[in-house]
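Summary of the model geometry
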Protein chains: 2
Amino acid sequence: MNHNTGAILVLSGPSGAGKSTLLKEVINDIGECYFSISTTTRPIRDGEKNGVDYYFVSKEEFQKDIEDEMFLEYANVHGNYYGTSIKPVKKALKLGKLVIFDIDVQGNTVVTNRLGDITTSVFISPPTLSELKHRLEARKTDAQDVIDKRIKMAKKEIQRISEYDYLIINDNLEDAADILRTIAKSSRLKIPGDEINEFTRKWEDID
Amino acid sequence: MNHNTGAILVLSGPSGAGKSTLLKEVINDIGECYFSISTTTRPIRDGEKNGVDYYFVSKEEFQKDIEDEMFLEYANVHGNYYGTSIKPVKKALKLGKLVIFDIDVQGNTVVTNRLGDITTSVFISPPTLSELKHRLEARKTDAQDVIDKRIKMAKKEIQRISEYDYLIINDNLEDAADILRTIAKSSRLKIPGDEINEFTRKWEDID
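Describing a negative patch on the surface
Residues and elements named next belong to chain A.
- Together, Glu25, Asp171, Glu174 and Asp175 make up a region of like negative charge exposed at the surface.
- Inspection of the secondary structure puts Asp175 in helix H7 (residues 173-187).
- Looking at Asp175, the relative accessible area reads 39%, which means it is partly exposed.

Quick look at helix H5 (residues 129-139) of chain A
All names here are of chain A.
- Within H5 the residues assigned to the buried category are Leu129, Leu132 and Leu136. Considered in projection along H5, the buried side chains sweep an arc of 60° and stay on one side of the axis. Facing away from the buried side of H5 by more than 90 degrees, the exposed set consists of Ser130, His134 and Ala138.
- A positive backbone phi angle near 55° is found at Lys140, which sits one or two residues after H5.

Section: the packing of H5 of chain A against helix H6 (residues 144-158) of chain A
Residue and element names in this part refer to chain A.
- With their axes 10 Å apart at the nearest point, H5 and H6 run at an angle of 150° to one another. Accordingly, the angle class assigned to the pair H5 and H6 is roughly antiparallel. Crossing hand, H5 versus H6: right-handed. Across the interface between the two elements, Leu129, Leu132, Lys133, Leu136, Glu137 and Arg139 from H5 touch Gln144, Ile147, Arg150, Ile151, Ala154 and Lys155 from H6.
- Considering only residue class, the contact of H5 with H6 consists of six nonpolar, one polar and five charged.

Things to note about the interface of chain A and chain B
- Each partner contributes residues to the interface: chain A has 37 residues there, and chain B has 36 residues.
- Buried surface at the junction of chain A and chain B, both sides included, amounts to about 3500 Å², of which 67% is carbon and sulfur.
- Summed over the shared surface of chain A and chain B, the result is zero salt bridges.
- For the pair chain A and chain B, the interface holds five residue pairs in polar contact (both at pLDDT 80 or more).
- Secondary structure elements with two or more residues in the side of chain A that touches chain B: H5, H6, strand E9 (166-169), H7 and helix H8 (193-205) of chain A.
- For the side of chain A that touches chain B, the element with the most residues is H7 of chain A, which contributes six residues.

Things to note about the relation of the copies chain A and chain B
- It takes a turn of 180° to lay chain A on chain B, together with a shift of 0.0 Å along the axis; the resulting RMSD is 0.0 Å. Such a combination of rotation and displacement between the chain copies is what one expects of a two-fold axis.
- Interface overlap between copies is the fraction of interface residues in one copy that are interface residues in the other; for chain A against chain B it reaches 97%, indicating a shared surface.

Focus: the pattern of salt bridges
- Taken as a whole and judged by the stated rule, the model has 20 salt bridges over all chains.
- Here the residues in one salt-bridge network are Asp29, Asp178 and Arg181 of chain A, joined through shared partners.

What to know about the sheet that holds strand E5 (residues 71-77) of chain B
Residues and elements named next belong to chain B.
- With mixed pairing, four strands are arranged side by side in an open sheet as E4-E3-E6-E5. The open sheet has two free edges, formed respectively by strand E4 (55-56) and E5, since each of these has just one partner strand.
- With two bridges joining them, strand E3 (residues 39-40) and strand E6 (residues 80-85) adopt antiparallel strand pairing. Within E6, the position partnered with Thr40 by the bridge is Tyr82.
- Along the sheet, helix H2 (residues 59-67) contacts E3, E5 and E6; its crossing angle with E6, the most-contacted strand, is approximately 45°.

The rules behind the values
Residues numbered from 1 in each chain as written. Chains lettered and ligands numbered in written order. Predicted model: local features only at pLDDT ≥ 70, side-chain atom pairs only at ≥ 80, totals over all residues. Heavy atoms only, no water. Patch = residues over 30% accessible without salt bridge, like charges linked within 9 Å, V, L, I, M, F, W, Y side chains within 5 Å. Areas by Shrake-Rupley, 256 points an atom, 1.4 Å probe, with all protein chains shown as cover. Salt bridge = Lys/Arg side-chain N within 4 Å of Asp/Glu carboxyl O. Lys, Arg positive; Asp, Glu negative; His and termini not counted. Charge placed at Lys NZ, Arg CZ, Asp CG, Glu CD. Helix = DSSP H or I, 4+ residues; strand = E, 2+ residues; numbered from the N terminus. Buried < 20%, exposed > 50% of the residue type's maximum accessible area, 1.4 Å probe, protein only. Arc of directions from axis to C-beta. Axes fitted to C-alpha atoms, helices over the stretch in contact; angles between N-to-C directions. Parallel < 35°, antiparallel > 145°, perpendicular 65-115°, else oblique. Left-handed = near helix turned anticlockwise from the far one by under 90°. Contact = heavy atoms within 4.5 Å. Nonpolar A, V, L, I, M, F, W, Y, C, P; charged D, E, K, R; others polar. Buried area = accessible area lost by both parts, 1.4 Å probe. Polar contact = N/O pair within 3.5 Å; in protein donor to acceptor, adjacent residues only side chain to side chain. Least-squares fit on C-alpha atoms with pLDDT ≥ 70 in both. Pairing = 2+ DSSP bridges.

So yeah, pure geometry; function would need other evidence.
Here you go:
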């Protein structure tokens, strides 16, 4: 019983915190995972692939899924919808996988409220604001106004770190990866509420 | 910053769950620890040592410490006081140690409320009620009425497992020790609220 249940690991943090790089470092050491792919209505960009970067759908499809309660969480950001479909998450959990979410602070609130018993949340932060600026500029993928927007968003998100179980300050990849590895391993050990209820019920009955 | 702060690991579970044996299995693998020793007003028993099993004090001393707010948590069980002094805990945390508490469900509620940001709580349970009975009887240290009392208490405590971060069902020492080891390692990675506040403040100020 201790080992066969799925669990959820939420990773949040500003663009430029190094979430993807960190995840690549640890992904092979933490057991079977399912990396949740978000659904969005924003246009696909050059180099992106449907079903890899996002599931790209129309506004109408997305709104229908909202009505059908197909999303674990969703949000409208600057006119585009972003959401997490429940179905693949449920399937992965049933297979005992660790489901990894790369979602923002709002998304974490919803997931933790709905599935807190099996969720561990981690905020990954760059060490300083100037380091974040430096990283975003060095990537050369974003225009200055996009970088400015990301930094504004980062400053907002970082004010809510206390809502997370763990904070990883990513100033050294190797150290940060060690920490994430340990947290991810323990996140698998959370046991769903219904299994706990079943277990406690057994103790109630007998006299 | 990620590594130098202390943290708290709460272990609860009925007498006979195997907490002490488990702890002995993992204690050398989880970094520097401080095992919190409770203070009590109950009489010292044969084979017990003051400062090892408990700090044994008089009712008057205990009540004075309550007035002086020297306890992190305390309770009156069957007419005897049991409590955790704040001072040694604070000192150990300052040294970056993992402070381990062996306390009951009530104690966990208080510690988690007061120091939740750095606390990880684990409930250790025997697999079944009949296994618990078997273990308590095999120990041959308790009279039947004490065993009956312990089992009654266990059944009550187990109804509150959902208040804990983790449940370890101790049906195999090696497996259970592996799980506790992983949880204990990650419990060290929790960062105190005041350090988080300091970190987030830095991001607020700069423009």
